[in-house]
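Now for the letters of each chain:
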Amino acid sequence: MSHTKKHATALLKTAHTHMPMGVADSYRYWGEDNTVFVEHTQGATITDCDGQEFIDFRLAYGPIILGYRDQRVDNQVIQTITEKGTISGFSTPLDSEVVALIKDLCPQIEKVRFANSGTEAVLGAVRTARGYTKRNKIVVVEGGFHGLYDEMMWKSDVDNWDSATQEAPEIAAFGIGIPESSREHLETIPLNDLEALQAVFDRVGADIAAIVIEPIMGNCGSIAATQDYLQALRDMCDNNQSLLIMDEVKTGFRVAKGGVQELYKVYADLTTFAKAMGNGYPVAAFGGRKAIMDTIFFGKDGVTHGGTYTANMIALSAAKATLTLIRDTDALATVQQTGEKIQQRLSKVFNHFHIEHKFAGPAAMFGVHFGSFVPQNYRDWKQTNSDLYTEFAFNLIKRGIMLEPDSREPWFICEAHQNIDLDWLENTAMSAMAEAVATHTSTMSSSNK
Ligand SMILES: Cc1ncc(COP(=O)(O)O)c(C=O)c1O
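Residues numbered from 1 in each chain as written. Predicted model: local features only at pLDDT ≥ 70, side-chain atom pairs only at ≥ 80, totals over all residues. Heavy atoms only, no water.

(A) Here's a closer look at the confidence of the model for the protein chain. Model confidence for the protein chain is summarised by a mean pLDDT of 96, while 98% of its residues fall at 70 or above. Within the protein chain, the lowest mean pLDDT, 53, falls on helix α14 (residues 441-447), and the highest, 99, falls on strand β13 (residues 270-273). (pLDDT = per-residue confidence, 0-100. Helix = DSSP H or I, 4+ residues; strand = E, 2+ residues; numbered from the N terminus.)

Next up, the structure:
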């Protein structure tokens, strides 16, 4: 069971001489002993550079919806780039073909622009909303995440928050290098709290350009907005001529063909997409109502949008193949059913150890919370036994199940998970939890009934 990490150790040592923290993205650094170097991916499996295989529920933070190296997607990309190329700095017929697919899946979308990452898509949507409304303020939700650009790099510091107080958690920058001025136009509210929502509109409503929300918080254990709350947000925005931006970077083309908006039947003015739309290829988009999107035009009264790599043919051929499969096959139904089966096996394990637990969000992207109720917002999450979760997660990783060792990151399911051995999963989870319980006896007694 204990695999040697000889190659990973050597690779990290070399990488330290080349990159800060020895990694290309700070979140990939899991410490000197646990940083993962991947050699190979296939289906729902990743293999590290020391030859250990993992069934992967992290899926690169969500983009993999079909499976790693899905031939149906890869072949279309290879064909496009070998026959046509990658970029030319001009339009291609692919641009409209992919938009048409997005519109087939998400009928509320009328016009779209592309981007290369979720961050860029959010940035474009926010700028467009400000341009359209001629207002500045952006309201975000505690526990949401919208990418790594200055304005969105202010978080509710629930980690260091005393849940016994009535005070809101402090809003803290992700680190240094983020000017204080970047939060000037940012307001933060807790999810599912109508009073807080009303209060922010009462206070600064005349300047609210948009609310940006992940209705199912893919960065906070899939804690979800209630139907009533989302509808109230929609109504409040309409009454105030503010826009509702739904950040579907994680949920889009995953939780349903039409994303969270299909599930809730509450529709945004602007929506951001990335991740699942390309099954791992770097492609993103934002779009929405025609009247709003048409604020994008050249000139001092228009919103400027573009970028060298925007709508490159690698990204768009991947999106075309992926979105076609999502539209025309029952891949997402398979993802959902597989996720439900996995939840049942996990429940069996948790029940065996008398661990109270709740799943949050849809089975395609579910959070696991150790506690007696489904958290309704980020502050509630603090009441869950996340330490036990982290212990359990590291024990799973040791045994060949990959996931983020933080209960704020959901379990991502892809179509290729339909072929995994569920008995093996259950037995592995059983042994991982037995070890976690053994090292966590004192914590356990407080969360058990
Ligand atoms: C909801 C949401 N928005 C935006 C982003 C930023 O996307 P990217 O990492 O592609 O820039 C993420 C990334 O996880 C996300 O989950």
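From this point on, the discussion continues.
(B) Here's a closer look at the sheet that holds strand β5 (residues 137-141). Spatial ordering of the open sheet is given by β4-β14-β13-β12-β9-β5-β8, a layout of seven strands whose pairing is mixed. The open sheet terminates on both sides in strands that have one partner only, identified here as β4 (111-115) and β8 (186-189). Pairwise comparison of adjacent strand axes, ignoring direction, gives a mean angle of 20° for this sheet. Relative to β8, β5 runs parallel, the two sharing four bridges. The residue of β8 that forms the bridge with V139 is E187. Across the face of the sheet, helix α6 (residues 227-240) comes into contact with β8, β9 (208-213) and β12 (243-247) while running at roughly 165° to β9. (Pairing = 2+ DSSP bridges. Axes fitted to C-alpha atoms, helices over the stretch in contact; angles between N-to-C directions. Contact = heavy atoms within 4.5 Å.)

(C) Geometry of the packing of helix α5 (residues 194-204) against α6. Between α5 and α6, whose axes approach to 11 Å, the crossing angle comes to 10°. Classified by the angle between their axes, α5 and α6 sit roughly parallel to one another. α5 and α6 meet at a crossing whose hand is right-handed. For the pair formed by α5 and α6, the contact residues are L194, L197, Q198 and F201 on the first element and Y229, A232, L233, M236, C237 and N240 on the second. Across the contact of α5 with α6, the residue classes break down as eight nonpolar, two polar and no charged. (Parallel < 35°, antiparallel > 145°, perpendicular 65-115°, else oblique. Left-handed = near helix turned anticlockwise from the far one by under 90°. Nonpolar A, V, L, I, M, F, W, Y, C, P; charged D, E, K, R; others polar.)

(D) Region of the structure containing the sheet that holds strand β18 (residues 411-412). Taken together, the three strands give an open sheet; going across it, the order is β15-β16-β18, and neighbouring strands pair in antiparallel fashion. Single-partner strands in this sheet number two, and they are β15 (357-360) and β18. Here strand β16 (residues 365-370) pairs with β18 via two bridges, running antiparallel. Among the inter-strand pairings, M365 is bridged to a residue of β18, identified as F412. This element, helix α10 (residues 331-352), spans β15, β16 and β18 of the sheet and lies at about 165° to β15. Those strands touched by helix α12 (residues 386-398) are β16 and β18, and its axis lies near 120° from that of β16.

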